[in-house]
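Observations on chain architecture
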Amino acid sequence: MSAKRILIVEDEKPIRDLIAFGLRRAGYEVLEAEDCRAARARLVDQRPDLMLVDWMLPDMSGLELTRALKRDKESEDIPVIMLTARAEEQDKVGGLEGGADDYVTKPFSPRELLARIQAVLRRASPGGGEDVVEIEDLRLDDASHRVSTGEREIPLGPTEYRLLHFFMTHPERVFSRGQLLDRIWGGNTYVEERTVDVHIRRLRKALEPFGREHLVQTVRGSGYRLSTREP
Ligand code: CA
């Protein structure tokens, strides 16, 4: 089970950066494209779980791109949320006919966008089973933000929860402190790398009473990983 991947197709870099920042902080993997051509190239390499498509793009409209994707067997089931400016709102109906799954009107708040993304992803995979990640008998339910082992719930602080969620959705891979800062703290430059060590220690301490602290491993000179194998 891995983090959901979202492709942002938006030519305005500041907006793209802002969206990407919020999504990464929320635990999504983010791909970016500045136009339809780049979007198609990304699609071939790495299939996204959802696409955010700006209406106004330099080479082709986002609506045309969405229509084309929905006609193609390879991409027809990738959910699309369109980003539109207020003036374009009257075109909403046309856009939904073009196959977009939802709309978000600019300017939008990161919270609103996240809520729409989660709703569309839930609709795209009924049952929502992917909200739950299990490694050995450690179970993380992202819908309720609960971590448990067997019947026992493991209390975690918010940062420890995000760390564990990230590790559990990217198991067996080593991440440097810098990468973890980027993914968990959203690349906030005011946070020092040793903050990562502090939260790793807290996470291990929280897992210790349940005998699961060995899962969070230090890789000397590289960083940290979550692994079920012997370090
Ligand atoms: Ca645009």
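A brief report on the enclosed structure follows.

Procedures and definitions
All chains use their own residue numbering, which begins from 1 and follows the written sequence. Per-residue local features are limited, in this predicted model, to residues with pLDDT of at least 70; the limit for side-chain atom pairs, both in listing and counting, is 80 or more; totals at the level of whole chains, interfaces and linings are taken over all residues. No hydrogens and no water enter the side-chain calculation; it runs on all heavy atoms of the structure. In this analysis, strands are considered paired if DSSP registers two or more bridges between them. By the criteria applied, helices consist of DSSP H or I runs no shorter than four residues and strands consist of E runs no shorter than two, each listed in order from the N terminus. Two residues qualify as a contact provided that any one of their heavy atoms is within 4.5 Å of a heavy atom in the partner residue. Geometry is summarised by axes, namely lines fitted to C-alpha atoms with helices restricted to the contacting stretch, and by angles between N-to-C directions that run from 0 to 180 degrees. Every definition here rests on a 1 Å grid over the protein atoms only: cavities are sets of points where a 1.4 Å probe fits but cannot get out, pockets are open sets enclosed by protein on both sides within 12 Å along at least five of seven lines, and lining residues have some atom within 4 Å of a point. Grid points are joined across faces, edges and corners, and a volume is the space filled by probe spheres set on the points. Under the convention adopted here, Pro, Cys and the residues Ala, Val, Leu, Ile, Met, Phe, Trp and Tyr are nonpolar, Asp, Glu, Lys and Arg are charged, and Gly plus all remaining residues are polar. Residue ranges for the domains trace back to a domain assignment, done automatically or taken from a database. Donors, by definition, are the N, O and S atoms found within 2.8 Å of a metal, the threshold being 3.2 Å for Na, K and Ca, and water is not counted, so a site can look incomplete. To sort residues, take the accessible area from a 1.4 Å probe on protein chains only and compare it with the maximum for the residue type: under 20% means buried, over 50% means exposed, and anything in between is partly exposed.

1. Overview of the sheet that holds strand 8 (residues 146–149)
- The strand order across the open sheet formed by four strands is 6-7-8-9, and the pairing between neighbours is antiparallel. Where the open sheet ends on each side, the last strands, each with one partner, are strand 6 (132–135) and strand 9 (152–153).
- In this sheet, strand 8 lies alongside strand 7 (residues 138–141) in antiparallel orientation, the contact comprising four bridges. From the neighbouring strand, Leu140 faces strand 8, where its bridge partner is Val147.
- Sheet strands touched by helix 6 (residues 158–169): strand 6, strand 7 and strand 8. Its angle to strand 7, the strand with the most contacts, is close to 110 degrees.

2. Quick word on the sheet that holds strand 4 (residues 80–84)
- On the basis of which strands lie adjacent, the open sheet formed by five strands has the order 2-1-3-4-5 and parallel pairing. Where the open sheet ends on each side, the last strands, each with one partner, are strand 2 (29–33) and strand 5 (102–105). Averaged over all pairs of adjacent strands, the angle between strand axes in this sheet comes to 20 degrees, irrespective of strand direction.
- Pairing of strand 1 (residues 5–9) with strand 2 involves five bridges; the strand directions are parallel.

3. Examining the layout of surface pockets
- Its boundaries defined by the atoms lining it, the largest pocket holds a volume of some 880 Å³.
- Lining the largest pocket are 32 residues, with Ala26, Tyr28, Gln118, Asp142 and His165 sitting closest to its centre.
- Mapped onto the lining of the largest pocket, the elements with two or more residues apiece are helix 1 (13–25), helix 5 (110–124), helix 6 and helix 7 (177–184).
- Class assignment for the residues of the lining of the largest pocket results in 13 nonpolar, eight polar and eleven charged.
- Each of two domains, domain 1 (5–124) and domain 2 (132–226), supplies a minimum of three residues to the lining of the largest pocket.
- Along its surface, the second largest pocket is lined by Arg40, Leu43, Val44, Arg47, Leu69, Asp72, Glu74, Ser75 and Ile78.
- When residues in the lining of the second largest pocket are grouped by element, the largest group, three residues, is from helix 2 (residues 36–45).

4. Observations concerning the coordination of the calcium ion
- Summarising the metal site, the calcium ion is bound by the protein donors Asp11 (OD), Asp54 (OD) and Met56 (O), whose distances to it range over 2.1 to 2.3 Å.
- Read from N- to C-terminus, the donor residues coordinating the calcium ion fall into the pattern D-x42-D-x1-M. Placement of the pair is Asp11 in the loop between strand 1 and helix 1 and Met56 in the loop between strand 3 (50–54) and helix 3 (62–71), with a sequence separation of 45 residues.
- Using a relative accessible area of 52% as the deciding quantity, one classes Met56 as exposed.

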